[in-house]
Amino acid sequence: MIQALRGTRDILPEEVVYWQLIEATVAEILGRAVYREIRAPIFEQTALFERGIGEATDVVGKEMYTFSSRGDQSITLRPEGTAGVVRAYIQNKLYAQGGVQRLWYTGPMFRYERPQAGRQRQFHQVGLELLGCDAPRADAEVIALANNILQTLGLQNLEMDINSVGNGEDRQNYRAALVGYLEPYKNDLDADSQERLIRNPLRILDSKDPQTQEIAQNAPKITEHLSVASKNHFDTVLQLLRDLNIKYQINHCLVRGLDYYTHTAFEIKSNDLGAQATVCGGGRYDGLVKELGGPETQAVGWAIGMERLVLLLQQLDSIAVNSPDLYIVSRGVAAEAQGLLLAQKLRSLDLGVELDLSGSAFGKQFKRADRSGAVACLVIGDAEAENQSVNLKWLASGEQQAIAQKDLLDMVAELKAKIKGLKSS
RNA sequence: GCGGGCGUAGCCAAGUGGUUAAGGCAGUGGUUUGUGGUACCACCAUUCGUGGGUUCAAGUCCCAUCGUCCGCCCCA
């Protein structure tokens, strides 16, 4: 049997309702904040990600789905959303519209990683980008919206970590200070971290190795190496979050993995997800637009991992499947044909109608009607087919009445009201 | 890429070398051939992820492979 590729999976109808709930919530909340959806391609030139995300990162170094298409162009399935959105922003000159651009997107991303709960090779993100503004209020707005979405979905027990990684110059200074501090402990660090001492020392800070963690505890903090302007930015963001009543904790070890982040970096985590705990991650990326060939443009954004969010929602109350209003029971050639017609007419009048297609005994069809959760049945047998009528049977009470099919269509409003009443009780 | 656990029907599972692979849920048919929710009865895996091997004998042991889960790594 041919099965889905490792790290990919089918999202079946019972699960799709959670996805739809998330999508609807996101569209509504972001819509109110006047963010507009943008849809960028799923594959792009490899160079976009190499330059945007950074060649030294793991994502670019070993996790990209890269292949050459006909004509030997190197193509990559997008491993994240920001680079593509920024490319679209530049290519379509959205900056020329003046002011800020508030954009959001959703869709599949691809990374070649070892699958785990909450980590797939094809996974989905919903993300948001606010381009063209360097004000701390932009950082705060964006974080507040992530918060809104997660809260509206009913998620509790989430924690937000926040840090500032400063601008490029701050980071150079800090990097030197950090390496100076760590150098004497070099032999006590775990193997990975020893390597990172040269390549990417900031990452040593969030190593999970206990001994490395102990050493990192007393390392100089980046927030103490920020320029006055960077420090002000960070402090203002924190003040605004307090004003908004958004809880956070400063995590001096939080260093986002992708190269493009500057200043604010944040992460929203859950304890109910195991190792892949981050539900939402983001921050400011003031250099990326320019790096990718656009005008100097400050920006801030985040992405939410859909699969992880779905996992959390599934741990809460389950979502009720939508059951039909009416269930059509029919038997006999003429009756079955009339049943189909009636179903279509009633559906066009905005009723939820399930049609039993089995042609089996009435008893069996009623059994299925029960299980479907329908409020009432419409029964058509040979007798009803003969005189163009239908038997309307209320499943809870068992009472039924014969009605001419054309009269039934006239009493739809009445029918709907009664169904609504019975459904809510 | 590294280390470990697991894989028996649509789902939850018992079974740990010996003739026909428990049980439950769901499904289908019947008791009730035009009236359901209950009850009862019957049916529902020539086969245990897949491929090899050991053995008189394998779901059970060994090897490989695929998938999944946990941790590392990484990140949303």
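Worth saying up front: this structure is predicted, and the values here are computed from it rather than measured.

Here we come to the pattern of salt bridges. Across all of its chains, the model carries 15 salt bridges by this definition. Between E113 and R119 there is a salt bridge whose closest N-O contact spans 3.7 Å. Exposure remark for E113: the relative accessible area of 17% places this residue in the buried category. Residue classification places R119 among the buried positions, given a relative accessible area of 18%. D161 is the salt-bridge partner of K269, the closest N and O atoms lying 3.2 Å from each other. Note that K269 is positioned in strand β9 (residues 262-270) and D161 in strand β7 (residues 158-164), a separation of 108 residues in sequence. By relative accessible area, which is 4% here, D161 ends up buried. Bridged by salt links that share partners, the residues D139, R284 and D286 form one connected network.

Attention now moves to the sheet that holds strand β8 (residues 249-250). What the 8 strands build is an open sheet, ordered β1-β5-β6-β11-β10-β9-β7-β8; its pairing is mixed. Either end of the sheet is taken by a strand with one partner, and the two such strands are β1 (36-37) and β8. Bridge count between strand β5 (residues 101-110) and strand β6 (residues 122-131): 10 bridges; the pairing is antiparallel. Bridging from a neighbouring strand, P108 pairs with H124 of β6. Packing against the sheet, helix α5 (residues 136-152) makes contact with β5, β6, β7, β9, β10 (278-284) and β11 (299-305), and its axis sits at approximately 15 degrees to β11.

Taken domain by domain, chain A holds domain 1 (13-167 + 227-315) and domain 2 (326-418). Using C-alpha coordinates to define each centre, domain 1 is positioned 50 Å away from domain 2.

Here we take up the sheet that holds strand β4 (residues 74-77). Reading across from one edge, β2-β4-β3 is the order of the 3 strands in this open sheet, with antiparallel pairing throughout. The open sheet has two edge strands, β2 (43-45) and β3 (65-68), and neither has a second partner. In this sheet, neighbouring strand axes are inclined to one another by 30 degrees on average, regardless of whether the strands run parallel or antiparallel. With 3 bridges connecting them, β2 and β4 associate as antiparallel partners. Pairing of F43 across the sheet is with L77, part of β4. Where helix α2 (residues 46-53) meets the sheet, it contacts β2, β3 and β4, and its direction lies at approximately 80 degrees from that of β2.

Our focus in this paragraph is the environment of L422. Here L422 is to be found in helix α16 (residues 412-424). According to the relative accessible area criterion, L422 is partly exposed, its value standing at 36%. Residues L422 and P184, spaced 238 residues apart in sequence, show a C-alpha to C-alpha distance of 74 Å.

To continue, consider the protein's contact with RNA strand B. Taken together, 51 residues sit near RNA strand B, with R196, G281, D370, R371 and L395 positioned nearest. Among the atoms of RNA strand B lying within 4 Å of the protein, the sugar-phosphate backbone contributes 55%. Contact distances for RNA strand B include 3.3 Å between a phosphate oxygen and a side-chain N or O atom of R6. A distance of 2.9 Å separates a base nitrogen of RNA strand B from a polar side-chain atom of Q276. Of all the secondary structure elements, the ones that give two or more residues to the surface near RNA strand B are β6, α7 (191-199), β10, β11, α13 (362-372), α14 (382-386) and β15 (389-394). If you tally residues by element for the surface near RNA strand B, the top one is α13, at 8 residues. Of the residues assigned to the surface near RNA strand B, the class counts are 12 nonpolar, 17 polar and 22 charged.

Reading the values: rules and limits
- Residues numbered from 1 in each chain as written.
- Chains lettered and ligands numbered in written order.
- Predicted model: local features only at pLDDT ≥ 70, side-chain atom pairs only at ≥ 80, totals over all residues.
- Heavy atoms only, no water.
- Salt bridge = Lys/Arg side-chain N within 4 Å of Asp/Glu carboxyl O.
- Buried < 20%, exposed > 50% of the residue type's maximum accessible area, 1.4 Å probe, protein only.
- Helix = DSSP H or I, 4+ residues; strand = E, 2+ residues; numbered from the N terminus.
- Pairing = 2+ DSSP bridges.
- Contact = heavy atoms within 4.5 Å.
- Axes fitted to C-alpha atoms, helices over the stretch in contact; angles between N-to-C directions.
- Domains from an automatic or database assignment.
- Near = heavy atom within 4 Å.
- Polar contact = N/O pair within 3.5 Å; in protein donor to acceptor, adjacent residues only side chain to side chain.
- Nonpolar A, V, L, I, M, F, W, Y, C, P; charged D, E, K, R; others polar.

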